[in-house]
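Summary of structural features
Listed here are the chains, written in short residue letters.
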Amino acid sequence: MSAIAKSYELKQCIWCKRSDDETEFIRKAHTVPQQLGGIRICQNVCDSCNAYFGKTTNSLPPIETILKEAFNISRTVLLNGDNDFGRNKTQARFSSIYFNVNMQRKTLSVKQKYKLQRSFQENICRQLKRGLYKMFLEERERQFNDGHDSRFDFIREFARYNIGEYPVFYFERMGVILMSKEWTRHPSIFFDKDYQFKYLVADYGFFEFEFLSHVFGIPAIRTWELGLSNYLKLSLKRKEKIFKGVKRVVQFNDIDLALRMNG
């Protein structure tokens, strides 16, 4: 094999930046956890970094477990109307490790044994936010091949190495959600293909994306505080007919996981 061909086929991990002559790329890295219905693969995630997101580290629950816990609630609500869960269906009936979930009433509460654990809410919320950043960057790489860009270094630090503190903003919908069965059964990060909100990155330094009918905003730059006020003001103005407000996610239940606005 020529040196040119080898260079063309070289893989480089978007998280640790190691290439396939330094580490292995054998296992498939699902951008969305398989237990959440994910089927799409990011080729440039090494086995070590891929395994990290599924492991307990420093007594924190695995990031992929928290993503599954959170968004399988939303996914079950969306599939419920089609009777698409249960035995021999698209997904098994939802069972949560951490929460008591009432799908009829669309409510969830922390199980008693976890209520007594110090900083439980803060810990799982941090893991959830890191998981959203994780899915974001792997989907950026899969869809746009720009995951190695140095502007995403702060995302690497936060999601992979648990360094720093970066926000997730959650836009609260009003009205009915329309979503295809395919995107519910096999969810992925949805980026606006028409770049409707490209101005957010250029002027204020934020990205917005949709996942299982939830819309999130995260920083596109490390110095995100500088444009925050103007970003939220303009973004909400553009969404005023569909969204009623925005929250900075500080607790797990700041996200309307049970999609109560449809209830």
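Predicted, not measured: the structure shown is a model, and the values here were computed from it.

1. Details of the overall build of the protein
Check the secondary structure of the protein and you find 9 helices and 6 strands. Here the protein holds 263 residues, and the buried ones make up 51% of them. Long-range contacts, defined here as pairs at least 24 residues apart, represent 68% of the contacts in the protein between residues at least 6 apart. Accessible surface computed for the protein: about 13600 Å², of which carbon and sulfur atoms make up 47%.

2. A few points about the nonpolar core
Counting 68 residues, the largest nonpolar core has W15, F71, Y133 and F136 as its most contacted members. Taken together, the elements giving at least two residues each to this core come down to α2 (47-52), α3 (63-80), α5 (120-144), α6 (153-161), β3 (169-173), β4 (206-211), β5 (214-219) and α9 (228-238). Ranked by residues supplied to this core, first place goes to α5 with 9 residues. The residues contacting F136, other than those within four sequence positions of it, are F152, I155, I189, F191, F207, F209 and I218.

3. Section: the pairing of strand β1 (residues 99-102)
Each regular strand displays side chains that alternate between the two surfaces of the sheet. In terms of strand pairing, β1 meets strand β2 (residues 107-110) through 4 bridges, oriented antiparallel. Residue pairing across strands places V101 opposite L108, the latter belonging to β2. Hairpin geometry of β1 and β2 is characterised by an intervening segment of 4 residues between the two adjacent antiparallel strands and by a positive phi of about 55 degrees at K106.

4. Let's talk about the sheet that holds β3
Reading across from one edge, β4-β5-β3-β6 is the order of the 4 strands in this open sheet, with antiparallel pairing throughout. Each end of this open sheet is capped by a strand with a single partner; those strands are β4 and β6 (243-248). The mean inter-strand angle of the sheet, taken between neighbouring strand axes irrespective of direction, is 25 degrees. As defined by bridge partners, β3 adjoins β6 across 5 bridges and the pair is classed as antiparallel. Bridging from a neighbouring strand, F171 pairs with V246 of β6. Each of β3, β4, β5 and β6 is contacted by α9, which is oriented at about 20 degrees to β3, the strand it contacts most.

5. With respect to the pattern of salt bridges
All told, the structure shown has 15 salt bridges when counted by the stated rule. For K17, the salt bridge goes to D153, with nearest N and O atoms at 4.0 Å. One end of the pair, K17, is in the loop between α1 (3-9) and α2; the other, D153, is in helix α6, and 136 residues separate them in sequence. A residue is classified by how much of its surface remains accessible, and K17, at 32% relative accessible area, is partly exposed. Classification of D153 by relative accessible area gives partly exposed; the value is 27%.

6. Considering α5
Counted at 1.5 Å a residue, the expected span for α5 with its 25 residues is 36 Å, and the 36 Å between its end C-alpha atoms agrees. Summarising burial for α5: 20 of the 25 residues are buried, a large majority. Among the residues trailing α5, N145 stands out with phi positive, at a value near 55 degrees.

7. A word on the packing of aromatic side chains
The full count for this structure, using the stated rule, is 21 aromatic pairs. Ring geometry for F136 versus F152: centroids 6.2 Å apart, planes at 80 degrees, classification edge-to-face. Taken together, the residues span a long stretch of sequence, with F136 in helix α5 and F152 in the loop between α5 and α6 at a distance of 16 residues. Pair check on accessibility: F136 and F152 agree, each one buried. By the ring-pair criterion, three or more aromatic residues cluster together here, those being F71, F136, F152, Y170, F207, F209, F211 and F216. A cation over a ring is seen here: K134 above F53, with NZ or CZ 5.6 Å from the ring centre. For K239, the ring lying beneath its charged end belongs to F171, and the centroid distance is 4.1 Å.

Conventions adopted
Residues numbered from 1 in each chain as written. Predicted model: local features only at pLDDT ≥ 70, side-chain atom pairs only at ≥ 80, totals over all residues. Heavy atoms only, no water. Helix = DSSP H or I, 4+ residues; strand = E, 2+ residues; numbered from the N terminus. Buried < 20%, exposed > 50% of the residue type's maximum accessible area, 1.4 Å probe, protein only. Contact = heavy atoms within 4.5 Å. Areas by Shrake-Rupley, 256 points an atom, 1.4 Å probe, with all protein chains shown as cover. Core = buried A, V, L, I, M, F, W, Y, C linked by side-chain atoms within 4.5 Å. Pairing = 2+ DSSP bridges. Axes fitted to C-alpha atoms, helices over the stretch in contact; angles between N-to-C directions. Salt bridge = Lys/Arg side-chain N within 4 Å of Asp/Glu carboxyl O. Expected span 1.5 Å × (residues − 1). Phe/Tyr/Trp six-rings, centres within 6.5 Å; stacked < 30°, edge-to-face > 60°. Lys NZ or Arg CZ within 6 Å of the ring centre and 35° of its normal.

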